[in-house]
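Observations on the model geometry
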Amino acid sequence: MSATGTATPGIGRRIPSSSSGYSLQCALNDVQTAGPVGAILWGLGIAEVKTARRLAAKGIASMQVRIDRALFNDHDRRNAIYSTDGVANCRVAMDQFSEQRGVTSFILMGNCACATFCLNAAIADPRVVGLILTNPHVTKRQLLRTSLWRKLSDPGTWRRFAAGGMSLRENLVGALALIGGRIRERLVGERHSAARRPFSDLELPDNLGEELAKLCARGVQVLIVCATTDDSLYYLRTEYGAVLDELQNQGKLKFEEVAASAHVFSTDDQASSLLNEAISHWVEMATFTCG
Amino acid sequence: MSFDVEQAEIVSTLKSMLADEMDLGLVAHEIDENVPLLEDGLGLDSIVIVELIASVERRFDFEFQDADLRTSSFESLTALAGVIRRRREQ
């Protein structure tokens, strides 16, 4: 084992998932001088190996995790599992890592769907002290709401509409649904209700700003990285830009835009390098408060 | 040792590692060193790649640098052998 940490014989180990019928595959990346903080990295790509080594250089051991191959390659079944078991599987991975290495506090990292359920796991589990979220998955409903609301709030939209430059039929259904939803939110306070939970592990909370502020107040260090062309960047900037700026100014959260067009960082070497630069810098600055 | 001989030896070792250590059901002499390691070629899973990275480092006694951990390094056994040879020369 080297000083900077390399993959150990724990590679390829299978652990039971939170539900029956499939397993999780994991690879442990060990560190000689590991502290009480470990990282659960969702993904077994080369990029995650690089991330694991960057973290190892900072004394943080990692466990790379993925659901087993047959399910991983089936997009619909994979997302169904992420949706129902994402948070529970994060807990399984943390329990396993804890048992293997005595780690008591965790950084969770994921891309897209995995980023979203990692966030939900952090909200639900106090053992999480750090989050690395890349291109978090945003649902179509959330994207539609954001883009429609933006359109409706833009005077130019109404000018184009009055001039006959927009089709009433194309926009009416979505607009009415949006307006109805907003009125309902205002009336029942649903949008800002702390008690409201996302209906699936694959959905960012609608009170995301509030949840991020709570996580930061709890001492969780958060790094959010979005590729320039990714929907998540547009959604987060439009809906939560002010909160993210405020938390960033307070030094509690880092929100980075990476000049890349990749949605999956692990398949784009340049994006992966930029991401790992951001992670290295963040780890350098972050102080993890262990429970 | 000439470039070609060293490259061929590394490729041969890599084939043996895949056949003997990875439980993939591959036979060393049937592995084509020029086909992609992933889906369309040898069909290696990402976890096998992680395993291969660790095994190569143990066997050849070096550590991949960040710059080596690129998809192009794992395009084929020939490409991987080239990375290993360069690292051993340093």
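Residues numbered from 1 in each chain as written. Chains lettered and ligands numbered in written order. Predicted model: local features only at pLDDT ≥ 70, side-chain atom pairs only at ≥ 80, totals over all residues.

Attention shifts here to the overall build of chain B. When you go through chain B residue by residue, the secondary structure sums to 3 helices and 0 strands. Its helices and strands in sequence order give chain B the pattern α-α-α, from N to C terminus. Since a compact globule built from 90 residues should have a radius of gyration of about 12 Å, the 12 Å found for chain B is in line with a globular shape. Overall size of chain B, expressed as C-alpha extent along the three principal axes, is 35 × 25 × 20 Å. Partitioning the contacts of chain B with sequence separation of at least 6, the portion at a separation of at least 24 is 58%. (Helix = DSSP H or I, 4+ residues; strand = E, 2+ residues; numbered from the N terminus. Rg over C-alpha atoms; globule rule 2.2 N^0.38 Å. Contact = placed C-beta atoms within 7 Å.)

Moving on to the overall build of chain A. Helix and strand counts for chain A stand at 10 helices and 8 strands. Within chain A, the proportion of its 291 residues that are buried is 42%. (Buried ≥ 20, exposed ≤ 12 C-beta atoms within 10 Å, placed from the backbone.)

We now examine the interface of chain A and chain B. Across the contact, 16 residues belong to chain A and 15 residues belong to chain B. Taken together, the elements giving at least two residues each to the side of chain A that touches chain B come down to β2 (23-29) and α1 (46-57) of chain A. Considering every element that reaches the side of chain A that touches chain B, the biggest residue donor is α1 of chain A, with 3 residues. For the side of chain A that touches chain B, the class distribution of residues is 6 nonpolar, 7 polar and 3 charged. (Nonpolar A, V, L, I, M, F, W, Y, C, P; charged D, E, K, R; others polar.)

Further remarks concern the environment of Asn207 of chain A. If you trace the backbone, Asn207 of chain A turns up in the loop between α7 (168-188) and α8 (208-217). Taking the C-alpha atoms as reference, Asn207 of chain A lies 15 Å from Ala121 of chain A; in sequence the two are 86 residues apart.

Here we come to helix α9 (residues 231-249) of chain A. Residue and element names in this part refer to chain A. Between its first and last C-alpha atoms α9 spans 24 Å; for 19 residues at 1.5 Å apiece the expected length is 27 Å, and the helix comes up short by more than 12%. The principal kink in α9, of about 90°, is found at Tyr240. The set of residues buried in α9 consists of Ser232, Leu233, Tyr235, Leu236, Glu239, Tyr240, Leu244 and Leu247. Directly after α9, the chain includes Gly251, whose backbone phi takes a positive value near 75°. (Expected span 1.5 Å × (residues − 1). Bend = angle between axes of the 7 residues up to and from the residue.)

As a further point, take the sheet that holds β2 of chain A. Note: strands within a sheet are paired through backbone hydrogen bonds, in either parallel or antiparallel orientation. Residue and element names in this part refer to chain A. With mixed pairing, the 8 strands of this open sheet are ordered in space as β1-β2-β4-β3-β5-β6-β7-β8. The two strands at the open ends of the sheet, each matched to only one other strand, are β1 (13-16) and β8 (253-258). Averaged over all neighbouring strand pairs, the angle between strand axes comes to 20°, with direction disregarded. Two strands pair when backbone bridges link them, and strand β7 (residues 221-227) and β8 are joined in this way by 6 bridges, in the parallel orientation. Its bridge partner being in β8, Ala227 is matched across the sheet by Val258. (Pairing = 2+ DSSP bridges. Axes fitted to C-alpha atoms, helices over the stretch in contact; angles between N-to-C directions.)

Time to look at the environment of Asp201 of chain A. Checked against the element boundaries, Asp201 of chain A lands in the loop between α7 and α8. A sequence separation of 128 residues divides Asp201 of chain A from Asn73 of chain A, and the C-alpha atoms of the two residues are 20 Å apart.

Residues and elements named next belong to chain A. Look at α1 against helix α10 (residues 269-285): their axes get within 10 Å of each other, and the N-to-C directions meet at 20°. As the angle between them shows, α1 and α10 are arranged roughly parallel. For the pair α1 and α10, the crossing hand works out as right-handed. Along its contact with α1, which presents Ala47, Lys50, Thr51, Arg54 and Leu55, the element α10 presents Ser272, Asn276, Ile279, Ser280 and Val283. Its residues placed into classes, the contact of α1 with α10 shows 4 nonpolar, 4 polar and 2 charged. (Parallel < 35°, antiparallel > 145°, perpendicular 65-115°, else oblique. Left-handed = near helix turned anticlockwise from the far one by under 90°.)

Moving on, we come to the confidence of the model for chain A. Residue and element names in this part refer to chain A. Summary statistics for chain A give a mean pLDDT of 83 and a share of 79% for residues scoring 70 or more. Here residues 1-9 scores under 50 on pLDDT; set against residues more than four positions off or in separate chains, the count is 26 contacts. Below pLDDT 50 for its whole length, residues 190-198 participates in 17 contacts with residues either more than four positions away or in separate chains. (pLDDT = per-residue confidence, 0-100.)

A few words now on the nonpolar core. Residue and element names in this part refer to chain A. Within the largest apolar cluster, 100 residues are counted, with the highest numbers of intra-cluster contacts made by Ile40, Ala93, Ile107, Leu108, Cys118, Ala122 and Leu131. Per-element tally for this core: the top contributor is helix α4 (residues 113-124), with 9 residues. If near-sequence neighbours (up to four positions away) are discounted, Leu108 is found in contact with Ile40, Cys90, Cys118, Ala121, Ala122, Val128 and Leu131. (Core = buried A, V, L, I, M, F, W, Y, C linked by C-beta atoms within 7 Å.)

All names here are of chain A. Burial analysis of β7 places 7 of its 7 residues in the buried class, the great majority of the element. Because side chains alternate across β7, one face comprises the buried residues Gln221, Leu223, Val225 and Ala227, and the other comprises Val222, Ile224 and Cys226, equally buried. Relative to β7, strand β6 (residues 128-134) runs parallel, the two sharing 5 bridges. Each bridged residue has a counterpart across the sheet, and for Ile132 the counterpart in β7 is Leu223. The parallel pair β7 and β8, bridged by α9, forms a crossover whose chirality is right-handed. (Right-handed = clockwise from strand over helix to strand, strands pointing away.)

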